[in-house]
Amino acid sequence: MSIETIVKEFQDIAASPAGQLSKYKAEGKKVIGVLPYYAPEELVYAAGMVPMGIWGSNTKTISRAKEYCATFYCTIAQLALEMLLDGTMDGLDGLITPTICDTLRPMSQNFRVAIGEKIPCIFLAHPQNRFADWGIKFCMDQYNDVKAGLEKIAGHEIANDDILNAIKVYNKSRAARREFVKLASDHCDVITPTKRSAVLKAAFFMLKDEYTAKLEALNAELAALPVCDWKGVKVVTSGIICDNPALLSIFEENNIAIAADDVAHESRAFRTDAPEDEADGIKALAMQFRDQDYEVLLYDPQSNQNRRGEFVANLVKESGAQGLVLFMQQFCDPEEMEYPYLKKALDAAGVPHIKLGIDQQMRDFGQARTAIQAFADVLSV
């Protein structure tokens, strides 16, 4: 199968999560919606159900969700609720609602009030301090609660062996996505920013074994190509999410390729594997959460050393990029509070960057186009 054909399949899937939901329902499968971030999807897979990522929408307008949400909630959360209210995701059999940021914490209750009568909501509270033994124990207790909620929906127990198998399936998928990110940089003439985004986004709407098989086929085709001699500039992207094709097409207009990313919706989601040598599947998943690092939303006991800022600056240099584009989600307090420290690290490392304020209801990218074009001109000098 050609690169173009495989990428087109990923693009079609990324553009239609509702279509994927309908597909799996037609196959007789139960589907569980999974809100950001770091929910143990492996438990859904181990239960024989399909995890369906919900990260808002670039095509909808907030209407009904306004009845439940404060106006200063980020549009990712509001549009996730909008899709659940307007019937787009009516086929879901359940919903996992993590509470890892100040918006998702109250939103978990908004989801319960708004849709709890038609879709069971499974609450998930991660530990703030995930490193101590009691932090891992708390995380295990929470994951066991999620497991119990999923078992009720599935109608059967989730065996430990099935969790361990799911961990292997997911680790294989994470490895394939990490490989794809490297290949996409080497072959940025073929994998444009919009195509790169669609390939990674499709992972949230597919069973991971199906997704990985398709991605490995794409990786093999890309690896067989000679590394491209890219004449444009390369950047690293950072932020919560940057999946809008209209926005990413501006990169292509200005001959900008993506060398790597520090995006929660992309590489942060598959940086860290769960240990496969741990006999207790729930504990292995808790250890994976413990091992997550360089994440603005998670507690860092060494935050005064600006480790994350230095990590992002090093990522730009190690990837061969000339600069960084930060997509700042409107009303995201953690990102806004972090920015001065991130800027300090980038400036100290001599890494040029621009900051673009975005939300998922934006339709006019005129200002972004001007900023990206000017940034490309600066990097080309």
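Reading guide: rules and limits
- Residues numbered from 1 in each chain as written.
- Predicted model: local features only at pLDDT ≥ 70, side-chain atom pairs only at ≥ 80, totals over all residues.
- Heavy atoms only, no water.
- Salt bridge = Lys/Arg side-chain N within 4 Å of Asp/Glu carboxyl O.
- Buried < 20%, exposed > 50% of the residue type's maximum accessible area, 1.4 Å probe, protein only.
- Helix = DSSP H or I, 4+ residues; strand = E, 2+ residues; numbered from the N terminus.
- Phe/Tyr/Trp six-rings, centres within 6.5 Å; stacked < 30°, edge-to-face > 60°.
- Pairing = 2+ DSSP bridges.
- Right-handed = clockwise from strand over helix to strand, strands pointing away.
- Core = buried A, V, L, I, M, F, W, Y, C linked by side-chain atoms within 4.5 Å.
- Axes fitted to C-alpha atoms, helices over the stretch in contact; angles between N-to-C directions.
- Parallel < 35°, antiparallel > 145°, perpendicular 65-115°, else oblique.
- Left-handed = near helix turned anticlockwise from the far one by under 90°.
- Contact = heavy atoms within 4.5 Å.
- Polar contact = N/O pair within 3.5 Å; in protein donor to acceptor, adjacent residues only side chain to side chain.
- Disulfide = S-S within 2.5 Å.

Next up on the list: the pattern of salt bridges. One pass over the full model with this rule turns up 28 salt bridges. Of the charged contacts, one joins D229 and K231 as a salt bridge, the two residues approaching to 2.8 Å between their closest N and O atoms. On the accessibility criterion, D229 (59% relative accessible area) is exposed. K231 gets classed as exposed once you look at its relative accessible area, which sits at 68%. For the salt bridge of E295 with R268, the shortest nitrogen-to-oxygen distance reads 2.8 Å. With a gap of 27 residues between them, E295 in the loop between helix 11 (281-291) and helix 12 (307-319) and R268 in the loop between strand 6 (256-263) and helix 11 connect regions that are remote in the sequence. A residue is classified by how much of its surface remains accessible, and E295, at 5% relative accessible area, is buried. The class for R268 is buried, based on a relative accessible area of 2%.

Overall, the coordinates contain eight aromatic pairs when judged by the stated rule. Between Y37 and W55 the ring centres are 5.3 Å apart and the planes differ by 85°, which places this aromatic pair in the edge-to-face class. Taken together, the positions of Y37 in the loop between strand 1 (31-34) and helix 3 (41-46) and W55 in the loop between strand 2 (50-53) and helix 4 (75-85) put the pair 18 residues apart, joining distant regions of the chain. Judged on exposure class, the residue Y37 and its partner W55 are both buried.

Looking now at the pairing of strand 1. On strand 1, burial covers both faces: V31 and G33 on one face and I32 and V34 on the other are all buried. When strand 1 meets strand 2, the two strands line up parallel, connected through four bridges. Paired with G33 across the bridge in strand 2 is M52. Between the parallel elements strand 1 and strand 2, the chain passes through helix 3 in a crossover that is right-handed. Here three bridges tie strand 1 to strand 3 (residues 94-98), and the two strands are oriented parallel to one another. Pairing of G33 across the sheet is with L95, part of strand 3.

This next bit is on the nonpolar core. Ranked by size, the top nonpolar core spans 98 residues in total, and within it I96, L150 and L218 carry the most contacts. Considering each element in turn, this core owes the most residues, ten residues, to helix 7 (residues 160-186). V235, V325, F375 and A376 belong to the second-largest nonpolar core, a separate cluster that totals 20 residues.

Quick look at the packing of helix 10 (residues 245-253) against helix 14 (residues 366-380) now. Where helix 10 contacts helix 14, the axes come no closer than 10 Å and their chain directions differ by 30°. Considered as vectors, helix 10 and helix 14 are oriented roughly parallel to each other. Once helix 10 is placed against helix 14, the crossing between them reads as right-handed. Packed against helix 10, whose contacting residues are L247, I250, F251 and E253, the element helix 14 presents A368, R369 and I372 at the interface.

The next thing to look at is the environment of N160. Mapped onto the elements of the fold, N160 is located in helix 7. Using a relative accessible area of 32% as the deciding quantity, one classes N160 as partly exposed. Counting along the chain gives 29 residues from N160 to F131, while the straight-line C-alpha distance between them is 23 Å. Residues in contact with N160, not counting those within four places in the same chain, are A279, D280 and G281. For N160, the side chain forms a polar contact with the main-chain oxygen of A279, separated by 2.9 Å.

For the rest of this paragraph, the subject is the sheet that holds strand 2. Strand order in the open sheet formed by four strands is 2-1-3-4, with parallel pairing between adjacent strands. Across the chains shown, the open sheet's two edge strands, defined by having one partner strand only, are strand 2 and strand 4 (121-124). Strand-to-strand twist of the sheet, defined as the mean angle between neighbouring strand axes without regard to direction, takes the value 25°. This element, helix 5 (residues 104-115), spans strand 3 and strand 4 of the sheet and lies at about 165° to strand 4. Where helix 6 (residues 133-154) meets the sheet, its contacts fall on strand 1, strand 3 and strand 4, and the angle it forms with strand 4 comes to roughly 170°.

Before going further, it helps to spend a moment on the state of the cysteines. Applying the stated criterion across every chain, the model contains zero disulfides. A disulfide-free cysteine, C139 has its sulfur positioned 17 Å from the sulfur of C101, the nearest such atom. Owing to a relative accessible area of 1%, C139 belongs among the buried residues under this scheme. Between C228, a free cysteine, and C188, which holds the nearest cysteine sulfur, the sulfur-to-sulfur gap is 3.7 Å. Relative accessible area serves as the criterion here: at 15%, C228 is assigned to the buried category.

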